[in-house]
Amino acid sequence: MALRLSGSGHPTVTAPIVAFGFPGSVGPIDLIDQTPSFETGSVISKKAVGKGGRLSAYGVSAELSGGMSGGPSVDPRSGLVVGFNSFGRRDENDSFNFIRPVSLIKELLVGQG
């Protein structure tokens with residue numbers, strides 16, 4: 001089943017999300033039935049990262065784990081992909097998790113029709 005991408009290309013701060021993926025910490029347990037894990041949360045902030053701060057990343061309250069990177073982050077109200085699981089800060093006591101906007105996926109798809 002294919003997921004549809006959000007038309008806006010960027011999530012809204014305070015919007016709910018559901019992040020899907022295959023966390024590496026679960027290991028062989030998930031390999032039995034190939035069912036992804038999901039974590040619920042919301043978009044809590046917008047940050048500027050990379051390339052002189054010209055790229056967007058969105059802080060989320062969903063608990064993402066290694067292995068979930070690249071998985072979709074979906075708005076549960078619309079069912080549309082608003083971003084993809086990207087990275088977290090593991091060098092601090094609090095976990096900070098980020099998604100990248102779906103607009104980056106759309107840039108890669110331009111001219112692919």
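Residues numbered from 1 in each chain as written. Predicted model: local features only at pLDDT ≥ 70, side-chain atom pairs only at ≥ 80, totals over all residues. Heavy atoms only, no water.

Student: Please clarify how the side chain of serine 103 should be interpreted in this entry.
Tutor: Inspection of the secondary structure puts serine 103 in helix α2 (residues 103-109). Residues in contact with serine 103, not counting those within four places in the same chain, are Gly9 and His10. (Helix = DSSP H or I, 4+ residues; strand = E, 2+ residues; numbered from the N terminus. Contact = heavy atoms within 4.5 Å.)

Student: Hey, could you run me through the nonpolar core in this one?
Tutor: One recurring pattern in soluble globular proteins: nonpolar side chains tend to sit buried together. Ile17, Ala19, Val43, Tyr58, Val60, Ala62, Leu64, Met68, Val82 and Ile99 form the largest nonpolar core, which has ten residues in total. Put simply, the parts of the chain that give this core at least two residues each are β1 (16-21) and β3 (55-60). In this structure alanine 19 touches Ser37, Phe38, Glu39, Leu64, Met68, Pro72, Ser73 and Asn85, once residues within four positions along its chain are discounted. (Core = buried A, V, L, I, M, F, W, Y, C linked by side-chain atoms within 4.5 Å. Buried < 20%, exposed > 50% of the residue type's maximum accessible area, 1.4 Å probe, protein only.)

Student: Would you explain unusual backbone geometry in this entry?
Tutor: Keep in mind that most residues, glycine aside, have a negative phi and that most peptide bonds are trans. In this model, threonine 14 sits at a positive phi of 85°, which is unusual for a non-glycine residue. Secondary-structure assignment places threonine 14 in the segment before β1.

Student: Can you help me understand the confidence of the model for the chain in this one?
Tutor: A low pLDDT score tells you not to read the predicted coordinates there in detail. With 80% of its residues at a pLDDT of at least 70, the chain reaches an overall mean of 82. Strand β4 (residues 72-74) holds the highest mean pLDDT among the elements of the chain, 95, whereas helix α1 (residues 28-31) holds the lowest, 52. (pLDDT = per-residue confidence, 0-100.)

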